[in-house]
Each structure stands twice: as C-alpha cells, then as structure tokens.
Amino acid sequence: MTVPATAGGLPPDLALVPALYAAFDDGSLRLHFQPEVDLRNGSVPGMEAHPRWQHPERGVLGPAEFMPIAAAAGLVHQVDQWVLRMAVTEARTWHRMAVGTPIRPPRLWVNIDGRQLASPAFVTEVDRLMSGRLLPAGAIGLEFSERALGLAAPVVPGLLAHLHALGVALAVESFGTWFGSLAVLDLLPLDLVKLDGLYLQATMRDLEGEAVVAAIVRLAHSRALTVVADGVDSARLATRVHDLGCDRAIGPVFCPPVPVEDARMIALGRGRPERWHRPSQRTDERLRAWVSAAGPRSGAEPSQTEPQRAEPR
C-alpha cells in the first residue's frame, strides 16, 4: 500500500502510535470494499479492498491519515501484510457463503505498492496466503500502479508470471499517470487496466483527448484486457467512458467504499446497500442497466455475516 504524505506536510501524530499497534488486535483496523460496476449490465464483477481505521475518538481514518503514522512507527509492512491477509480471508468467506448457489462472488482487488513489489519475499508471502484457502483461480486480484511496475521493470515480468501461476489476477492501476504506458500493456501478463480518474477528467476535455482515451481502450482490448474507468464521479462521465469503450467503472457515482456487511450483500447478490447511489431515471439510456441494478434492495433474506477476523497466521 502506498504511504501518502500527511496533509500540508505536517509530521504524523505520534501520539496515535500505541492505538495503531492495538488496532491489529482490537478489531478497529478494518477493510471496506468499493464495487466495480459493469457498464453493460450493472453487475458487480469486482470489488476493491480499502483499509480503514475506526479510531475511538477521531472516527474513521483512511490511509492518508494513518499510513504516515504507520511509517513513523515502522508498521508499514505489518499493515501491508494485514490488508492482504484480510482480503484473502474475506474472499474465502464470500465463496464459502456462495456454496450451493449459482452466485459467483466478485473478484477482490488489493492494491500493491512498489515497496512490496520490490521485496524478495513478496511472491512467497502471496503463495503462503493463497495455499490451502481453496479459492478458485482469479478470486483475488493484485493491482499495481503504472509507476511501480515501471520502476521495478527488470524483475516484473517473471514476478507477475509467477503470481499468475498461483491463480492471482493482475492489473495495472493509475494508468495514464506515468510514461511507458503502452509498453506496460505489451510486455506484462495483465488481466485488467484501470484508467486513472484524474487522467480521464484532464484528457477528456475535448474531442482530441477523447480520441486518445478511445485509442488506449482499443489497444487494451486488442490485448484481451478488461478496461476499468476509475474515479467516475458523475453520470455524465460514466456515459462518456461507456461510449469510449470502457467495460467497467468504479467511483462515487456508483458507490463509495462500504463496510464488510454491505460488501457481502453485494457479493452474494442480495441487493444493494443504502450507500449505493440511486441515479436519476433521466440518466442516459445507455446506462439503463446501471439504473436498474441500483434500484431497491432485493427481497432476499439478509446474509448471516461473520465477524471480520484474520485467519491464524
């Protein structure tokens, strides 16, 4: 996970270090999940894992607030391991709860930063976590920023090939924010490319910019890659990326990251949580499937969710 700078360049609040240490055991460190929406039919083929820290006094803190504290305390690697372990555990829960039903739970994506990618033990850690979990191939996906893949270039092709052999799906995210983009699509064994939201908004200001995005989408499709538009924050942008050929989208216009109980509702096809955006019926007809999928919750019985705990190491 990327360690962001603190707001305004201020030093991290080291008074929170003891509470962060305790968060690994007291349940206040949690994962939230953001749905990835298929723009053709409104289904949810994937979800992203996002760590959150439920601090007793400061409320819910995201990585921008607590990762600088983790870095100052030497806990970054421990947080990285926790996120990956919890994601694998939760994916296993989804698949176990779907046994005996026609439901195929969405793929769960975990962000991996350049520091993890450069670690000689990274593939071994992933192999250890996946071993014995009885997850189908592709149940877990790892996404790497374009910059991280570029900086680790000499070892990346072999490393990703090894991960693929373990049944892990692979994606490049923040696509468009670093040079060498097209080479990434050609040289690496990827399944999915995620176009950066800020890049999309900056590029799609005119017809020439939209032509660039459309060309990237066509290139990705020619390599049999799924294309996801990230950071989609309006129905208008959702319509445009749909028109330019993007297969899926993720962003606040659909649903923000939600707690585990809501994520399980989505993953098991039991409706949509209240946090799911209800688009106007006037939304472009090309996104009608999304409008329908975002309608009232289904009448299925609520799932019997389990506490979110890590499996023994």
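Note: the structure precedes this text.
Residues numbered from 1 in each chain as written. Predicted model: local features only at pLDDT ≥ 70, side-chain atom pairs only at ≥ 80, totals over all residues. Heavy atoms only, no water.

## Concerning the packing of helix α3 (residues 76-97) against helix α5 (residues 122-130)
Viewed as axis vectors pointing N to C, α3 and α5 meet at an angle of 35°, and their least axial separation amounts to 10 Å. Considering only the axes of α3 and α5, their crossing is right-handed. Here H77, Q81, L84, R85 and V88 of α3 come into contact with α5, specifically with F122, E125, V126, L129 and M130. Grouping the constituent residues of the contact of α3 with α5 by class yields six nonpolar, two polar and two charged. (Axes fitted to C-alpha atoms, helices over the stretch in contact; angles between N-to-C directions. Helix = DSSP H or I, 4+ residues; strand = E, 2+ residues; numbered from the N terminus. Left-handed = near helix turned anticlockwise from the far one by under 90°. Contact = heavy atoms within 4.5 Å. Nonpolar A, V, L, I, M, F, W, Y, C, P; charged D, E, K, R; others polar.)

## Some points on the pairing of strand β8 (residues 226-229)
The pairing of strand β7 (residues 192-195) with β8 spans four bridges and is parallel. Across the sheet, the residue bridging to L192 is T226, located in β8. Read from β8 through helix α11 (residues 235-243) to strand β9 (residues 248-249), the crossover connection turns out right-handed. (Pairing = 2+ DSSP bridges. Right-handed = clockwise from strand over helix to strand, strands pointing away.)

## Details of α11
Where α11 is concerned, the buried positions are L237, A238, T239 and V241. Buried residues in α11 make contact with α9 (197-203) and β8. (Buried < 20%, exposed > 50% of the residue type's maximum accessible area, 1.4 Å probe, protein only.)

## Here's the deal with the nonpolar core
With 89 residues, the main nonpolar core has L142, F144, L160, L163 and L195 as its most contacted residues. Sequence-distant contacts of L163, that is, excluding residues within four places in its chain, are made with F122, V123, V126, L142, F144, V168 and L170. Formed by six residues, the second largest nonpolar core is a distinct cluster that contains A169, A171, L192 and V228. (Core = buried A, V, L, I, M, F, W, Y, C linked by side-chain atoms within 4.5 Å.)

## Re the environment of V76
Tracing the backbone shows V76 in helix α3. We classify V76 as buried; its relative accessible area is 10%.

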